[in-house]
Amino acid sequence: MLFTVSTKDSPFFTEDCAAEKLGVKVEHDLRKALNWCDVANMLRVQNERMDISYFPSTREYTQQFGLNKAILDNLDKEIIESRLPGITDAARLFANVDVTKEPIPVVPTVHYNMGGIPTNYKGEVLTVNGSEKTVPGLMAIGEAACVSVHGANRLGSNSLIDLVVFGRAAAKRAAELIKPGTPHEEISENETQKCIDRFDKLRNAEGDTGTAELRLAMQKTMQSKCAVFRTEKTLQEGVEEIRKTYDGLDSISVKDKSLIFNTDLVETLEFDNLIRQAVVTVDSAYNRKESRGAHAREDFPKRDDEKFMQHTLAWCDGKKTKISYREVHKSTLTNEVQYFPPQERVY
């Protein structure tokens, strides 16, 4: 086998058309191990015909292979370093791996966030208290926001909508709300003190568990229990396991107490945020008894528009969560454009 790149959840290539850059022929095992789209790109180089039906599904693949390493073997060191310098440098810098001697560890990452802070089309944040109300002075746009608008192509469509439509709308709304020369409102000392107390509590943490250890436990739980393909059993295990990691906050340790370039503290502050995001993510997935988009329940393979054609709303209070729902928009703001009802995604 020449090249194998995969994760526990979905196979992918370390770099687009890496085989083309290496100038090598695609081997039989490689075809089974890689996402067929990537293989198709490589096979075009070899002018080979590709039968899509040959390739196993991602689920079949993970059950059969279950690999989590990228391997470069049977290649001269000079060829690897000259034709794949990016991979070589990244592996050495971030994983402390010499690709000419060791396999490259591969783990899933986030490419694009779905969902976010609920807003109206002007970028004003909404809260639900009997009815939707705006939060005065608070706005959100881009990947941080959820405006309840989704295109057929989430990446291309929503990125452009976020930038050229809602970004502009938010700017215009902000200009309407902010009057030149208006002074800032006074903020009570109690509110600012909460931020300082959180900061000092983590900076002076004297526990026996490092942030990196807890972050790794969180990552492993999310990858194994709340991955793309989900079941009642794995999600229930995830609900329980992620809270054990959350409890690790009580024994977290920050060695560096300084206030200048303190990466230890920054990573700890990030983890304090991420673990709460993980808790609400697992709980939200557990409560959604259907399959929709990136949420694939093997025990509920069909989409349920009657019960779940709505956004999940999650409130986090420590490791306790409150799950509710918000209706999606089913009407337009003008008579010039009709509402398009959702349809089942088929291939």
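A.B. asks: So what exactly am I meant to see when it comes to the overall build of the protein here?
C.D. replies: Counting its secondary structure elements, the protein contains 12 helices and 13 strands. Taken across its 347 residues, the protein has 32% of its residues classed as buried. When the accessible surface of the protein is summed, it comes to about 22,400 Å², and 53% of that surface belongs to carbon and sulfur atoms.

A.B. asks: Looking at this model, I keep getting lost on the packing of aromatic side chains. Mind explaining?
C.D. replies: The geometry of an aromatic ring pair is captured by the separation of the ring centres together with the interplanar angle, meaning the angle of the planes. Overall, the coordinates contain 1 aromatic pair when judged by the stated rule. Aromatic pair Phe308 and Tyr325: ring centres 6.1 Å apart, planes at 70°, arrangement edge-to-face. In this pair, Phe308 is assigned in helix α12 (residues 305-308) and Tyr325 in strand β13 (residues 320-327), connecting sequence segments 17 residues apart. Using a relative accessible area of 9% as the deciding quantity, one classes Phe308 as buried.

A.B. asks: Help me out: how do you make sense of the side chain of Ser291 in this one?
C.D. replies: By secondary structure assignment, the location of Ser291 is in the loop between α11 (263-287) and β11 (296-297). One polar contact links the side chain of Ser291 to the main-chain amide nitrogen of Arg297, over a distance of 2.8 Å. Among the polar contacts listed, one links the side chain of Ser291 to the backbone oxygen of Phe300, at a separation of 2.7 Å. Among all residues touching Ser291, those that are not within four sequence positions of it are Ala296, Arg297, Phe300, Pro301, Lys302 and Arg303.

A.B. asks: Mind showing me how you'd approach the nonpolar core here?
C.D. replies: Within soluble globular proteins, side chains that are nonpolar generally end up buried alongside one another. In this structure, Met218, Met222, Ile242, Phe271 and Ile275 are the most contacted members of the largest nonpolar core, which totals 18 residues. Those elements that provide at least two residues to this core are α9 (211-225), α10 (232-247) and α11. At 6 residues, the largest contribution of residues to this core is made by α11. Residues in contact with Ile275, not counting those within four places in the same chain, are Met218, Ile242, Thr245, Tyr246 and Leu249. In this structure, Ile80, Ala91, Val97 and Val99 belong to the second largest nonpolar core, which totals 7 residues.

A.B. asks: Explanation requested: the confidence of the model for the protein in the structure shown.
C.D. replies: Parts of the model with low pLDDT should not have their predicted coordinates read in detail. Confidence along the protein averages 78 in pLDDT terms, with 73% of residues attaining 70 or more. Note on residues 1-67: pLDDT is under 50 here. Beyond four places in sequence and across chains, it has 125 contacts.

A.B. asks: Is there a simple way to explain the packing of α10 against α11 in this structure?
C.D. replies: Close contact between α10 and α11 brings their axes to 9 Å; oriented N to C, the two are set at 155°. By the angle class used here, α10 and α11 are roughly antiparallel. In this structure, α10 meets α11 at a crossing whose hand is left-handed. Packed against α10, whose contacting residues are Glu232, Leu235, Gln236, Gly238, Val239, Ile242, Arg243, Thr245 and Tyr246, the element α11 presents Phe271, Ile275, Arg276, Ala278, Val279, Val282, Asp283, Ala285 and Tyr286 at the interface.

A.B. asks: Just to check I follow, could you spell out unusual backbone geometry for this structure?
C.D. replies: A positive phi angle is found at Asn96, which is not glycine, with a value near 55°. Along the chain, the position of Asn96 falls in the loop between α6 (85-95) and β3 (104-105). Among the residues examined, Asn96 registers a relative accessible area of 65% and is labelled exposed. Even without a glycine there, the phi angle at Phe261 is positive, about 50°. Residue classification places Phe261 among the exposed residues on the basis of a relative accessible area of 80%.

A.B. asks: Is there a simple way to explain the pairing of β13 in this structure?
C.D. replies: Two faces belong to every sheet, and in a regular strand the side chains alternate between them. Here strand β12 (residues 310-317) pairs with β13 via 8 bridges, running antiparallel. Directly across from Gln310, in β13, lies its bridge partner Glu327. In this antiparallel pair of consecutive strands, β12 and β13, the connection spans 2 residues, and Gly318 shows a positive phi of 70°.

A.B. asks: Is there a simple way to think about the packing of α9 against α10 in this case?
C.D. replies: Pairs of packed helices are described in terms of their axes, by the angle between the two and the distance that separates them. Two numbers describe how α9 lies on α10: the axes approach to 9 Å, and their chain directions differ by 175°. In terms of their interaxial angle, α9 and α10 are classed as roughly antiparallel. Contact residues: Leu214, Ala217, Met218, Thr221, Met222 and Lys225 in α9; Thr234, Leu235, Glu237, Gly238, Glu241, Ile242 and Thr245 in α10. Its residues assigned to classes, the contact of α9 with α10 shows 6 nonpolar, 4 polar and 3 charged.

A.B. asks: Just checking my understanding: could you explain the environment of Cys146 for this structure?
C.D. replies: Residue position: Cys146 is located in strand β7 (residues 145-146). It is 4.8 Å that separates the C-alpha atoms of Cys146 and Gly116, two residues lying 30 residues apart in sequence. Among residues more than four places away in sequence, those in contact with Cys146 are Gly115, Gly116, Ile117, Pro118, Thr119, His311 and Arg326.

A.B. asks: Explain the environment of Ala227 to me, please; I cannot follow it from the model alone.
C.D. replies: In this fold, Ala227 is placed in the loop between α9 and β9 (229-230). A sequence separation of 68 residues divides Ala227 from His295, and the C-alpha atoms of the two residues are 8.6 Å apart.

A.B. asks: Explain α11 here, please?
C.D. replies: Here α11 spans 36 Å end to end across 25 residues, near enough to the 36 Å set by a 1.5 Å rise per residue. Where α11 starts, the residue carrying a side-chain oxygen 3.3 Å from the main-chain nitrogen of Asp264 turns out to be Asn262.

A.B. asks: Looking at this structure, I do not really get the pattern of salt bridges. What am I missing?
C.D. replies: In a structure, side chains of opposite charge can pair up when their charged atoms sit close to one another. Evaluation of the coordinates by the stated rule reveals 22 salt bridges. One network of salt bridges, in which partners are shared, links Arg288, Glu290, Arg292, Arg303 and Asp305.

A.B. asks: What should I look at first to understand the side chain of Arg297 in this one?
C.D. replies: Following the sequence through the fold, Arg297 ends up in strand β11. Residue class for Arg297 comes out buried when judged on its relative accessible area of 1%. Within polar-contact distance, the side chain of Arg297 engages the backbone oxygen of Tyr286 at 3.4 Å. Apart from the residues within four sequence positions on either side, Arg297 is in contact with Arg230, Thr231, Glu232, Leu235, Ala285, Tyr286, Arg288, Lys289, Glu290 and Ser291.

What counts, and at which threshold
- Residues numbered from 1 in each chain as written.
- Predicted model: local features only at pLDDT ≥ 70, side-chain atom pairs only at ≥ 80, totals over all residues.
- Heavy atoms only, no water.
- Helix = DSSP H or I, 4+ residues; strand = E, 2+ residues; numbered from the N terminus.
- Buried < 20%, exposed > 50% of the residue type's maximum accessible area, 1.4 Å probe, protein only.
- Areas by Shrake-Rupley, 256 points an atom, 1.4 Å probe, with all protein chains shown as cover.
- Phe/Tyr/Trp six-rings, centres within 6.5 Å; stacked < 30°, edge-to-face > 60°.
- Polar contact = N/O pair within 3.5 Å; in protein donor to acceptor, adjacent residues only side chain to side chain.
- Contact = heavy atoms within 4.5 Å.
- Core = buried A, V, L, I, M, F, W, Y, C linked by side-chain atoms within 4.5 Å.
- pLDDT = per-residue confidence, 0-100.
- Axes fitted to C-alpha atoms, helices over the stretch in contact; angles between N-to-C directions.
- Parallel < 35°, antiparallel > 145°, perpendicular 65-115°, else oblique.
- Left-handed = near helix turned anticlockwise from the far one by under 90°.
- Pairing = 2+ DSSP bridges.
- Nonpolar A, V, L, I, M, F, W, Y, C, P; charged D, E, K, R; others polar.
- Expected span 1.5 Å × (residues − 1).
- Salt bridge = Lys/Arg side-chain N within 4 Å of Asp/Glu carboxyl O.

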